[in-house]
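Each chain, letter by letter, is given below.
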Amino acid sequence: MAENCVFCAIVEGRIPSHMVYEDEKTLAFLDIHPSALGHTLVIPKAHVARVEDLPEEDARSLFAALRKIVGRIQEAVGAPASTIGINNGRESGQEVPHVHIHVIPRNRGDSGGIIQGVSRSPQRLNDVEMARIANEIRERIKAV
Ligand code: 5GP
Ligand code: ZN
């Protein structure tokens, strides 16, 4: 647990939240500034800032919880869909450095965007450049 982390404080009950789901490793509660009705945050109880630092078991539990509750969140607010996303690191817009999955219920005509719209520097690469980048990534994955 991190002393000055707002989500750790929620896990420990030091600050209140509108909790919707809890299990041994995961907690889900309503976002205090919802982008849509039912906007929910799903978090590991352990304090980890970024996805790449999550222990595998916590990652498993987090996604299992997400899978379990996403449909129920949508039903509760009468939304047919949701956008699910993680701001991973300060430059992506992450303000709370404790991993959290945003579940934002979506409706036709809600004037929201798509995940791919978060970066406005689209890249047009040819096949050679694409192959080089894929290779750079593969090599690094191999090394871990
Ligand atoms: P981030 O930009 O880090 O992905 O988003 C953090 C989210 O946490 C924001 O949507 C913000 O509204 C929410 N948030 C920040 N502080 C609190 C809090 O004390 N309680 C709850 N329920 N949500 C919070
Ligand atoms: Zn924390």
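Residues numbered from 1 in each chain as written. Chains lettered and ligands numbered in written order. Predicted model: local features only at pLDDT ≥ 70, side-chain atom pairs only at ≥ 80, totals over all residues. Heavy atoms only, no water.

## Looking at the pairing of strand 1 (residues 19–22)
As a general feature of sheets, a regular strand has side chains that alternate between the two faces.
At step 1: Direction of pairing for strand 1 relative to strand 2 (residues 26–30): antiparallel, over a ladder of three bridges. Paired with Tyr21 across the two strands is Ala28, which belongs to strand 2.
At step 2: In textbook terms, the turn of a hairpin is the stretch between consecutive antiparallel strands, and for strand 1 and strand 2 this stretch comprises three residues. (Pairing = 2+ DSSP bridges. Helix = DSSP H or I, 4+ residues; strand = E, 2+ residues; numbered from the N terminus.)

## Describing helix 3 (residues 127–143)
For the α-helix, the turn length of 3.6 residues means that residues three or four positions removed from each other point alike.
At step 1: The first and last C-alpha atoms of helix 3 sit 24 Å apart over 17 residues, in line with the 24 Å expected at 1.5 Å per residue.
At step 2: Among the residues of helix 3, the N-terminal cap falls to Asn126, whose side-chain oxygen and the backbone nitrogen of Val128 are separated by 3.0 Å. (Expected span 1.5 Å × (residues − 1). Polar contact = N/O pair within 3.5 Å; in protein donor to acceptor, adjacent residues only side chain to side chain.)

## Side note on the site of ligand 1
At step 1: Near ligand 1 there are 17 residues, and of these Asp31, Gly93, Glu95, His100 and His102 occur at the shortest range.
At step 2: Here Val96 contributes a backbone N or O atom positioned 2.9 Å from an oxygen atom of ligand 1.
At step 3: Burial of ligand 1 by the protein amounts to 83% of the accessible area it has alone, namely 520 Å².
At step 4: For the shell around ligand 1, the secondary structure elements donating two or more residues are helix 1 (6–11) and strand 2.
At step 5: At three residues, the largest contribution of residues to the shell around ligand 1 is made by helix 1.
At step 6: When grouped by side-chain class, the residues that make up the shell around ligand 1 number nine nonpolar, six polar and two charged. (Near = heavy atom within 4 Å. Areas by Shrake-Rupley, 256 points an atom, 1.4 Å probe, with all protein chains shown as cover. Nonpolar A, V, L, I, M, F, W, Y, C, P; charged D, E, K, R; others polar.)

## Points about the pairing of strand 5 (residues 101–106)
At step 1: Along strand 5, six of the six residues are buried, which leaves the element largely enclosed by surrounding structure.
At step 2: A two-sided burial pattern is seen for strand 5, the buried positions comprising Ile101, Val103 and Pro105 on one face and His102, Ile104 and Arg106 on the other.
At step 3: Judged from the three bridges that link them, strand 3 (residues 40–44) and strand 5 form a sheet pairing that is antiparallel. Along strand 5, the bridge assignment pairs Val42 with Ile101. (Buried < 20%, exposed > 50% of the residue type's maximum accessible area, 1.4 Å probe, protein only.)

## Description of unusual backbone geometry
At step 1: A positive phi angle is found at Ser111, which is not glycine, with a value near 65°.
At step 2: Residue placement: Ser111 occurs in the loop between strand 5 and helix 3.

## Focus: the coordination of the zinc ion (ligand 2)
Each pair of donors in an ideal four-coordinate tetrahedral metal site encloses 109.5 degrees, whereas pairs in an ideal six-coordinate octahedral site enclose 90 or 180 degrees.
At step 1: At this site the zinc ion (ligand 2) is bound by Cys5 (SG), Cys8 (SG), His47 (ND1) and His98 (ND1), with donor distances of 2.0 to 2.3 Å.
At step 2: Angles of 106 to 117° at the metal separate the four donor atoms of the zinc ion (ligand 2), which places the site in the tetrahedral class.
At step 3: Taken in chain order, the donor set of the zinc ion (ligand 2) reads C-x2-C-x38-H-x50-H. Remark: His47 occurs in the loop between strand 3 and helix 2 (56–77) and Cys5 occurs in the segment before helix 1; sequence separation between them is 42 residues.
At step 4: The class for His47 is partly exposed, based on a relative accessible area of 30%. (Donors = N, O, S within 2.8 Å, 3.2 Å for Na, K, Ca; no water. Tetrahedral: all angles 85-135°; square planar, octahedral: opposite > 155°, others 65-115°.)

## As for the nonpolar core
At step 1: One finds Val42, Leu62, Leu66, Ile69 and Val103 to be the most contacted residues of the largest nonpolar core, which totals 14 residues.
At step 2: Counting only elements with at least two residues in this core, the list comes to helix 2 and strand 5.
At step 3: The leading source of residues in this core is helix 2, at six residues.
At step 4: Beyond its immediate chain neighbours, meaning those up to four positions away, Leu66 contacts Val42, Ile84, Ile101 and Val103.
At step 5: Core analysis: the next-biggest nonpolar cluster, separate from the first, contains ten residues, Ala2, Cys8, Leu41 and Ile43 among them. (Core = buried A, V, L, I, M, F, W, Y, C linked by side-chain atoms within 4.5 Å. Contact = heavy atoms within 4.5 Å.)

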